[in-house]
Each structure stands twice: as structure tokens, then as C-alpha cells.
Amino acid sequence: MRKLTYFVACSIDGFIGDPGGDASSMYRFATEEFLDFLKTEHPETISAQGRTALGIEGLENRWFDTVILGRGSYQLALDAGITSPYGHLREYVASRTIEESPDPHVTILSGDVVGAVRALKAEDGERGVWLCGGSQLAGELLDEVDELVIKTYPQVYGSGMPMFGSGFAVTDFTLDSVRAFDNGVLVRKYSRER
């Protein structure tokens, strides 16, 4: 069984974006040290355009071969004129409003998203599935999340888009590792207690 990993950036107080989903204030923490970590440890989480800009198009994916984005996360790419933000992965977008994919590389999941994710997890393969966001999708998929990798940026938002947009549900995870960076970013990895 493959893992579903919610690999996400958030503020100290647990928001992945402002009330409209904008998280651009976190971009200033993309220091050389932090980018080196991403390139080495999680190259597949850098967008195709970012990989080109960094000259790492050929880096092999380490942890994931599939990505699932929520409609809002995908809209950020569409607004920038990008229809396949993670072309180095199999791309799925959960959406009730997009009827037809704007890119042949992107599959739209409009029905039973939980069932689709369970099917992806049940596939054979060495690499897992990356839940890229957003909040509502993460809330819907909370029961399927096997692992959290949380990049916590040293900012407080006060309000905004929570990591999990769902009702109250206590779900236990075990802390596996913590890595601190000179820019104040923490990357924490958790495994789900089952």
C-alpha cells in the first residue's frame, strides 16, 4: 500500500494561506539552504517551472510519483498560465467545477475523491502520493493521510485557510523528525498512528 503524504507549507499558527489562499509571504524564506534541502530531499515538490529555473529538470523523484491538488491550488497555476504545474508527476485535480481538463497530463477528479485516492494508494509502486493542497481537500482526505511533512514558516497569519478545512476530528500522529533552518523554517515529519 502506497502512502498519502500531505506535504504542505504553513504559518506558525497553522494556516496554509490567507483567507483567499495567498501564501506568497512565505516565498521570502526560499533561501539557498532551504532550496538545497528541497532539491536534495524533495525535488518532486518543486514545480516544473521551478525545476527549470533551478536547472534541476532531470532530478529523479524521490518520494512521490503522483500529486493531488485541490481546485484552489490548481487555480493559482491556471492564473499564471500554467496548465500542468507538476508535469514530472501524474497530476490529479479534485474539482466539482472544472468539467474538462485544460491539459492532457492533468486528470480531473470530480466524483468520489476519497475512493479515487484509495485506488491510487492501492497501486503497486515504490513511490507514494503527494497531497499538495488545499485546505478543503485535505479535510476530506484526513482519514486517508498516512504522513505529514509540514514546512512551518516563522510567520503568524492570525486567520486564513487552515491546514485541514474540516469538522473537529482528533487524529493522532507520531513525530518522526524535525529539521530547523537558519531562516527560521522548521520541517516536521509525522507518521499517522493506526
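Here goes a summary of the coordinates provided.

Parameters at a glance
- Residues numbered from 1 in each chain as written.
- Predicted model: local features only at pLDDT ≥ 70, side-chain atom pairs only at ≥ 80, totals over all residues.
- Heavy atoms only, no water.
- Helix = DSSP H or I, 4+ residues; strand = E, 2+ residues; numbered from the N terminus.
- Buried < 20%, exposed > 50% of the residue type's maximum accessible area, 1.4 Å probe, protein only.
- Polar contact = N/O pair within 3.5 Å; in protein donor to acceptor, adjacent residues only side chain to side chain.
- Contact = heavy atoms within 4.5 Å.
- Pairing = 2+ DSSP bridges.
- Axes fitted to C-alpha atoms, helices over the stretch in contact; angles between N-to-C directions.
- Salt bridge = Lys/Arg side-chain N within 4 Å of Asp/Glu carboxyl O.

## Comments concerning the side chain of Gln 155
Item 1. If you trace the backbone, Gln 155 turns up in the loop between strand E7 (147-153) and strand E8 (161-162).
Item 2. For Gln 155, a relative accessible area of 13% translates into the label buried.
Item 3. Within polar-contact distance, the side chain of Gln 155 engages the side chain of Ser 25 at 3.1 Å.
Item 4. Residues in contact with Gln 155, not counting those within four places in the same chain, are Ser 11, Ile 12, Asp 13, Ser 25, Met 26, Arg 28 and Phe 29.

## Some details on the sheet that holds strand E6 (residues 128-133)
Item 1. Pairing is mixed across the open sheet formed by 8 strands, whose spatial order is E5-E4-E3-E6-E1-E7-E10-E9. Since the sheet does not close on itself, it has two edges, and those belong to strand E5 (106-109) and strand E9 (173-180), each with one partner. Each strand axis lies, on average, 25° off the axis of its neighbour in the sheet, ignoring direction.
Item 2. Strand direction decides the pairing type here: E7 and strand E10 (residues 186-192), joined by 6 bridges, are antiparallel. Bridge pairing in E10 links Lys 151 to Val 187.
Item 3. Contacts from helix H1 (residues 32-41) reach strand E1 (4-11), E7, E9 and E10 within the one sheet, and its direction differs from that of E7 by about 165°.

## Considerations on the pattern of salt bridges
Item 1. Going through the model one piece at a time under the given rule, you end up with 14 salt bridges.
Item 2. The salt bridge involving Glu 144 is made with Arg 118; its shortest N-O contact spans 2.7 Å. Highlighted residues: Glu 144 in the loop between helix H5 (135-140) and E7 and Arg 118 in helix H4 (residues 113-122), separated in sequence by 26 residues.
Item 3. Within this structure, Arg 118, Lys 121, Glu 144, Asp 146 and Arg 194 form a network of salt bridges that share partners.

Function cannot be read off these values alone, since they describe shape.
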